[in-house]
Amino acid sequence: MSSSGAPIGPSLPPGEFVDLPERGRLFVRRAAGPPDSPTVMLLHGWTVTADLNWYPAFEPISQRASVVAFDHRGHGQGVPTRRFRFADCAADVLAVADALGIGRFVCAGYSMGGAIAQLAARAAPERVTGLVLGATSTSFRGRGLRAVRFSLLPVVAAASRLTPVKLRYWGWEQTVFNVIGTNIGRWAQTEVLKGDPQAMLDAGTELFNFDSSPWIAELPMPIAQVRTVGDKVVPDYLQQELADAVAGISVYSYRGGHASVVTDFDSFWDCLSKALDAVGVPASPDSESSVAPDPSPSEATR
């Protein structure tokens with residue numbers, strides 16, 4: 001804990017508040033890469049923040065590219081919103097790039113961020129030069145009990161709008177403490193609690209409705225996938241649907257749960273590093289490579 005009593009988190013790149021004309025204000029972190037290197041835009045997952053999702057990745061990615069990360073609407077220090085929509089989040093990606101003077105960039109999206117990355121690439125294929133999609137899919141609804149549970153989210157989201165705001169936040173706090181627990185640390189809990197509980201439910205509805213399978217194969221940029229094998233949040237069969245939907249996709253896999261993006265970052269980075277190579281963000285010759293030997297054919301395909 002700090003002297004003020006606030007939880008102490010990891011070391012992070014500097015950031016600043018950025019105004020997006022006619023959209024709102026949000027906090028953006030930036031880490032400079034080597035001269036003339038590309039930019040990688042990091043898009044985080046559902047309920048978390050960019051800091052929590054990506055904090056171990058800032059430094060290694062910045063050895064080969066400039067890094068930009070921000071919170072999606074209703075999450076953390078993202079643009080406040082009355083109704084969370086993926087289309088608005090995708091437009092925010094392009095608006096942040098405009099505000100920072102970035103013409104073209106790579107999108108790296110994790111989980112929900114992967115859906116937003118796909119939509120941003122569809123909206124501006126001339127600007128998004130590559131996609132890295134981690135622990136994500138072309139759809140999230142799934143089948144069986146998973147589909148039934150997901151189908152309840154739009155109902156719960158609608159009912160939540162009739163609930164007093166204080167009660168919504170109290171319920172969100174209880175959910176974070178009871179479901180997430182304390183094993184990830186007080187700082188991580190604090191990051192999640194920054195979110196707007198109504199936006200969390202609306203985001204779940206967006207995940208339920210998302211389906212890029214009719215159009216993702218038409219995207220012109222290189223696409224690489226980081227698969228978290230054994231993931232219970234985005235199960236293997238859904239991640240396989242993404243791999244099957246895109247001809248020529250580069251797939252890199254490791255065994256890890258949905259939180260392994262931070263809890264087993266070494267394994268995640270082995271795959272993410274190769275995925276960045278595949279979409280045109282190679283390691284700098286002057287940086288120390290942390291990439292493991294090429295995986296076996298069962299672990300990665302090109």
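Relevant structure appears above.
Residues numbered from 1 in each chain as written. Predicted model: local features only at pLDDT ≥ 70, side-chain atom pairs only at ≥ 80, totals over all residues. Heavy atoms only, no water.

### Section: empty space enclosed by the protein
What counts is decided by this rule: Lining residues are those with an atom within 4 Å of a point, where the points come from a 1 Å grid over the protein atoms alone and group into cavities, where a 1.4 Å probe fits but cannot get out, or pockets, open sets with protein on both sides within 12 Å along at least five of seven lines. Grid points are joined across faces, edges and corners, and a volume is the space filled by probe spheres set on the points. Here a strand is any run of E in DSSP of at least two residues, a helix any run of H or I of at least four, and the numbering for each starts at the N terminus. Throughout this entry, Asp, Glu, Lys and Arg are counted as charged residues, while Ala, Val, Leu, Ile, Met, Phe, Trp, Tyr, Cys and Pro are counted as nonpolar. The remaining residues, Gly among them, count as polar.
Evaluation of the coordinates by the stated rule reveals one cavity of 30 Å³ or more. Approximately 70 Å³ is the volume attributed to the largest cavity. In this structure, the largest cavity is lined by Phe27, Arg29, Ala50, Asp51, Ala69, Phe70, Asp71, Gln77, Glu191 and Lys194. At the level of elements, β2 (24-31), α1 (50-54) and β4 (66-70) are the ones that each hand at least two residues to the lining of the largest cavity. Of the residues belonging to the lining of the largest cavity, the class tally is four nonpolar, one polar and five charged.

### Regarding the packing of aromatic side chains
Heads up, the rule is: The aromatic pairing rule takes the rings of Phe, Tyr and Trp, using the six-membered ring of Trp, and pairs them if the centres are within 6.5 Å, calling planes under 30 degrees apart stacked, those over 60 edge-to-face and the rest tilted. With a 1.4 Å probe rolled over the protein chains alone, any residue whose accessible area is under 20% of its type maximum counts as buried; one over 50% counts as exposed, and the rest are partly exposed.
One pass over the full model with this rule turns up 11 aromatic pairs. Measuring from ring centre to ring centre gives 5.1 Å for phenylalanine 17 and phenylalanine 27, while their planes differ by 65 degrees; the resulting arrangement is edge-to-face. You can see phenylalanine 17 sitting in strand β1 (residues 15-20) and its partner phenylalanine 27 sitting in strand β2, a full 10 residues away along the chain. For the pair tyrosine 254 and phenylalanine 268, a centre-to-centre distance of 6.3 Å together with 75 degrees between the ring planes defines the contact as edge-to-face. On the criterion of sequence distance, the pair formed by tyrosine 254 in strand β8 (residues 250-255) and phenylalanine 268 in helix α11 (residues 265-278) is long-range, its members being 14 residues apart. The burial state of tyrosine 254 is the same as that of phenylalanine 268; both residues are buried.

### Focus: the side chain of arginine 73
Quick reminder of the rule: Whenever a nitrogen or oxygen atom comes within 3.5 Å of another N or O atom, the pair is scored as a polar contact, on the condition that within protein one atom can donate a hydrogen and the other can accept it, and that pairs from neighbouring residues in sequence are kept only if both atoms are in side chains. Note on definitions: a residue-residue contact is assigned when non-hydrogen atoms from the two residues lie within 4.5 Å.
Tracing the sequence through the fold places arginine 73 in the loop between β4 and α3 (86-99). Taking the relative accessible area as the measure of exposure, arginine 73 reaches 8% and is therefore buried. Of the polar contacts made by the side chain of arginine 73, one reaches the side chain of aspartate 92; its length is 2.6 Å. Once you skip the residues sitting within four places of it in the chain, arginine 73 turns out to touch Arg23, Val79, Pro80, Thr81, Phe84, Asp88, Cys89, Asp92 and Ala199.

### Focus on the environment of leucine 276
With respect to the secondary-structure elements, leucine 276 resides in helix α11. With 144 residues separating them in the primary sequence, leucine 276 and valine 132 have C-alpha atoms 7.0 Å apart. Once residues lying within four places of it in the same chain are set aside, the contact partners of leucine 276 are Val40, Ile61, Arg64, Val132, Trp269, Val281 and Pro282.

### Some words on the pairing of strand β3 (residues 39-43)
Every regular strand shows the same layout, with side chains that alternate between the two sheet faces. Inclusion rule: Any two strands are treated as partners once DSSP identifies two or more bridges connecting them.
Counted residue by residue, β3 has five buried out of five residues, so it is predominantly covered. Burial along β3 is two-sided: Thr39, Met41 and Leu43 facing one way and Val40 and Leu42 facing the other are all buried. Where β3 and strand β5 (residues 105-110) come together, four bridges link them in parallel fashion. Residue methionine 41 lies in a different strand from β5, and its bridge partner there is cysteine 107.

### Quick notes on α3
Counted only if it meets this: Helix span, expected: 1.5 Å multiplied by one less than the number of residues in the helix.
With 14 residues, α3 ought to run about 20 Å at 1.5 Å a step, and its terminal C-alpha atoms sit 20 Å apart, in line with that. Positive phi appears at glycine 101, one or two residues downstream of α3, with a value of about 75 degrees.

### A word on helix α8 (residues 197-209)
The end-to-end C-alpha distance of α8, which contains 13 residues, comes to 19 Å, matching closely the 18 Å that a straight helix rising 1.5 Å per residue would cover. Extensive coverage of α8 is indicated by the burial of 11 of its 13 residues. Considered for burial, the residues of α8 that qualify are Pro197, Gln198, Ala199, Met200, Asp202, Ala203, Gly204, Thr205, Glu206, Leu207 and Phe208. At the N-terminal end of α8, a side-chain oxygen is found 2.9 Å from the backbone nitrogen of glutamine 198, two or three residues along, and the residue is aspartate 196.

### Looking at unusual backbone geometry
The phi torsion at threonine 47 lies on the positive side, around 75 degrees, for a residue other than glycine. Considering the arrangement of structural elements, one finds threonine 47 in the loop between β3 and α1. A positive phi is found at serine 111, a non-glycine position, where the angle reads about 55 degrees. Residue position: serine 111 is located in the loop between β5 and α4 (112-123). Here serine 111 falls in the buried class, since its relative accessible area comes to 8%.

### Some thoughts on the pairing of β5
Filter applied, for reference: For a crossover, the right-handed case is the one in which the path from the first strand over the helix to the second runs clockwise, viewed with the strands pointing away from the viewer.
Most of β5 sits out of view: six of its six residues are buried. Relative to strand β6 (residues 128-134), β5 runs parallel, the two sharing six bridges. Looking across to β6, one finds that cysteine 107 is bridged to leucine 131. Traced from β5 through α4 to β6, the parallel crossover comes out right-handed.

### Overview of the side chain of threonine 81
Here threonine 81 is to be found in the loop between β4 and α3. The class for threonine 81 is buried, based on a relative accessible area of 17%. Setting aside its immediate chain neighbours within four residues, threonine 81 contacts Arg73, Gly74, Asp196 and Ala199.

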